[in-house]
Amino acid sequence: MRTSTLSIRTPEGIVFSQLLAGPVTRFLAWFIDGLCISVLLTLLGIALSFVGVISPNFATALSALSYFAISIGYGILLEWAWRGQTIGKKLFRLRVVDVEGMRLQFNQIVTRNLLRFIDSLPLFYLVGGLACWLNRNGQRLGDLAANTIVIRSPRIAEPDLDQLLAGKFNSLRQYPHLAARLRQRVLPGEAAVALQALLRRDEFEPAARVELFGELATHFRSKVEFPADATDGVADEQYLRNVVDVIYRTGTDKPMEKVAA
Amino acid sequence: VIIDLQKFIAAERPNWAELEKILNRLESEPNYQMTLEQLRQFHHLYERTAADLAKITTFSAEPETRRYLENLVARAYGEIHETRDKQRRIFPLKWFFQTLPQTFRRHIGAFYLSVAITLAGCVFGGVATMFDPDSRHVTMAFGHDQMRPSERVKEEESQTRDRLSGQHTSFSAYLMTHNIKVSVFTLALGMSWGIGTIVMLFYNGVILGAISVDYITDGQTRFLLGWLMPHGVIEIPAILIAGQAGLVLALALIGWGKRTSLRARLRDVSRDLATLIFGVAVLLVWAGFVEAFLSQYHEPFIPYEVKIAFGAVELVLLILFLSRSGLKVEDTTGATESRALLGV
């Protein structure tokens, strides 16, 4: 069964992971690409209709050749020019990369695109979709032959912490050494849960909201024990705000400017 | 362990920015070459960023920073650890006269196999036509089963007007695209462990053998040669090379007698597959022109001897091209590599 990430370990012992694209997202990207090809061909057909007035034979030949060139060359040229992306892939933030993290080569792009001929069999990419679903790295046959994978790089929405935490006194910050310990002990997944709970707080039923924040506050209280004067009288939801503030906003500075490519 | 994350990020960020700048340049300028000092700095920045990633990975905060560093390390890793040649400018003439024939010769075994499978198909088709005349309805495509060869020759030679008048260009475009599609399909079917490629080659052989025997037994050998040779001597080898590419892919997939991993085997043949299929496309464009503008014309328009001679010259040139072109460069490269290996 496929996993959602591909981890690559460098010879230096560093591990980085690539998020793998699923068959459905890839199908949607392919559908968009199909639409783009159709638009291109329609525009070309209009242009060639003028050529047809002068020479119908030449227009028919050009039409056959350009249909062939566009349908095959679209993926090859765009993936080469945009380093593994087509219009559909750009829209869904997908990218073709080398399976071992190496530089994507032109011949890899050619191979994976030409092997669409069998991936698309018998119709609607059934063979490719099946291969993609069965392969643990989500590779269709073309990807297998070319040693490529399709990854997704989702845009991470930067939470509006200023809006979320503005104007609130954070009692936990009175103890910087404990706040630092909290930052170290909380796992990324736990921090994300706390943040999401706060961001979506208005979507919960009142009783469920109280229960959820109670459970979360108990969990985070067990991570680091703050002195009583920092926690007494602080409601569970406010305690969680303070925890998120400590984790996501180091010091009093604003969050790091978004630089991810 | 990072004690002060904020201080850590502030201290390291200039390095990450510098690495990102180098990577952007490397990716946008394929011909960009660094000096030794720049290379050292690039490697230093990569190692430092990788170490920063290792430090920050266990830290709960700054998931954005971790993603950013993963992205940087992934990109730099590809640039630093890549051992294949960096593809710079394309030299079409060098590719055609050196790379293509050299690649063809490197996989000559797969080509011979492709020829053998096609010949087996030819024999099957020929024998079937000789001993079971009804099989022509199954083995012959494009309406050739509808009339005897002698009837067709009579009809063709009695033509007084140009049937393809005004349609040469569109007909040749149709032939080119159709044949290239069939070739790409033959290559792609290599992913079925070669079974699909073998079926395609055999089927092509069956059609060729059946039609050839049909014309020969009906006493139309001269017409057959004049009709098929001008384009066939290029088109048939092109399909055979597509089959060769499909078999190369299949052999890499199966990996008989090789101790390398599947990924390594496929990586080894990837560039050769692209080269072979582009070569096939070039050959088929030529064959498409010849078929539309020459092959479909018979006596009295063009004497068969002229067409046969034209085909023979093409065949000789193709054999010379595939067997001799790029040989000197290959020898020189081989000798240089041998000298380098021997350390002389």
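### Description of the overall build of chain B
When its secondary structure is counted, chain B shows 13 helices and zero strands. Secondary structure of chain B in N-to-C order comes out as α-α-α-α-α-α-α-α-α-α-α-α-α. When burial is assessed residue by residue, chain B has 50% of its 344 residues classed as buried. Accessible surface for chain B amounts to roughly 17400 Å². Of this, 64% is attributable to carbon and sulfur atoms.

### Description of unusual backbone geometry
All names here are of chain A. Here the amide bond leading from L121 into P122 is cis, since omega sits at -20°, within 30 degrees of zero. The topology assignment puts P122 in the loop between helix 5 (116-119) and helix 6 (126-134). A positive phi angle, near 50°, is found at R83, a position not held by glycine. Along the polypeptide, R83 turns up in the loop between helix 2 (56-81) and helix 3 (87-91). You can call R83 partly exposed: its relative accessible area is 35%.

### A few points about the interface of chain A and chain B
Contacts between the two partners involve 59 residues from chain A and, on the opposite side, 63 residues from chain B. Together chain A and chain B conceal approximately 5700 Å² of surface at their shared face, both sides included; 61% is due to carbon and sulfur atoms. As a salt-bridge pair, R263(B) and E100(A) come within 3.9 Å of each other at their nearest N and O atoms. At the surface where chain A touches chain B, the tally comes to ten residue pairs in polar contact (both at pLDDT 80 or more). At eight residues, the largest contribution of residues to the side of chain A that touches chain B is made by helix 2 of chain A.

### Observations regarding empty space enclosed by the protein
For the structure shown, the criterion picks out three cavities of 30 Å³ or more. Of the voids in this model, the second largest cavity is the one considered here, and its volume is about 40 Å³. Broken down by secondary-structure element, the contributors of at least two residues to the lining of the second largest cavity are helix 4 (106-114) of chain A together with helix 11 (262-295) of chain B. Here the lining of the second largest cavity is built from residues that sort into six nonpolar, one polar and no charged.

### Observations concerning the packing of aromatic side chains
This structure, assessed with the given rule, holds 18 aromatic pairs over all chains. Measuring from centroid to centroid gives 4.9 Å for W30(A) and Y125(A), while their planes differ by 65°, and the two rings are edge-to-face. Of this pair, W30(A) sits in helix 1 (residues 23-54) while Y125(A) sits in the loop between helix 5 and helix 6, and the two are 95 residues apart along the sequence. Between W95(B) and F96(B), the ring centres sit 6.3 Å apart and the planes meet at 45°, which makes this aromatic pair tilted. In this structure an aromatic cluster arises from ring pairing among W95(B), F96(B), F97(B) and F321(B). Directly above the ring of Y239(A) sits R221(A), whose terminal nitrogen or CZ lies 4.4 Å from the centroid. Sitting above the plane of the W227(B) ring, R152(B) keeps its charged end 4.3 Å from the centroid.

### Comments concerning the environment of A10(B)
Residues and elements named next belong to chain B. Structurally, the position occupied by A10 is in helix 1 (residues 5-28). With relative accessibility at 53%, the residue A10 sits in the exposed group. Along the sequence, A10 and L187 sit 177 residues apart, while their C-alpha atoms lie 53 Å from each other.

What counts and how
- Residues numbered from 1 in each chain as written.
- Chains lettered and ligands numbered in written order.
- Predicted model: local features only at pLDDT ≥ 70, side-chain atom pairs only at ≥ 80, totals over all residues.
- Heavy atoms only, no water.
- Helix = DSSP H or I, 4+ residues; strand = E, 2+ residues; numbered from the N terminus.
- Buried < 20%, exposed > 50% of the residue type's maximum accessible area, 1.4 Å probe, protein only.
- Areas by Shrake-Rupley, 256 points an atom, 1.4 Å probe, with all protein chains shown as cover.
- Contact = heavy atoms within 4.5 Å.
- Buried area = accessible area lost by both parts, 1.4 Å probe.
- Salt bridge = Lys/Arg side-chain N within 4 Å of Asp/Glu carboxyl O.
- Polar contact = N/O pair within 3.5 Å; in protein donor to acceptor, adjacent residues only side chain to side chain.
- 1 Å grid on protein atoms, 1.4 Å probe; cavity = no way out; pocket = protein on both sides within 12 Å on 5 of 7 lines; lining within 4 Å.
- Points joined across faces, edges and corners; volume = space filled by probe spheres on them.
- Nonpolar A, V, L, I, M, F, W, Y, C, P; charged D, E, K, R; others polar.
- Phe/Tyr/Trp six-rings, centres within 6.5 Å; stacked < 30°, edge-to-face > 60°.
- Lys NZ or Arg CZ within 6 Å of the ring centre and 35° of its normal.

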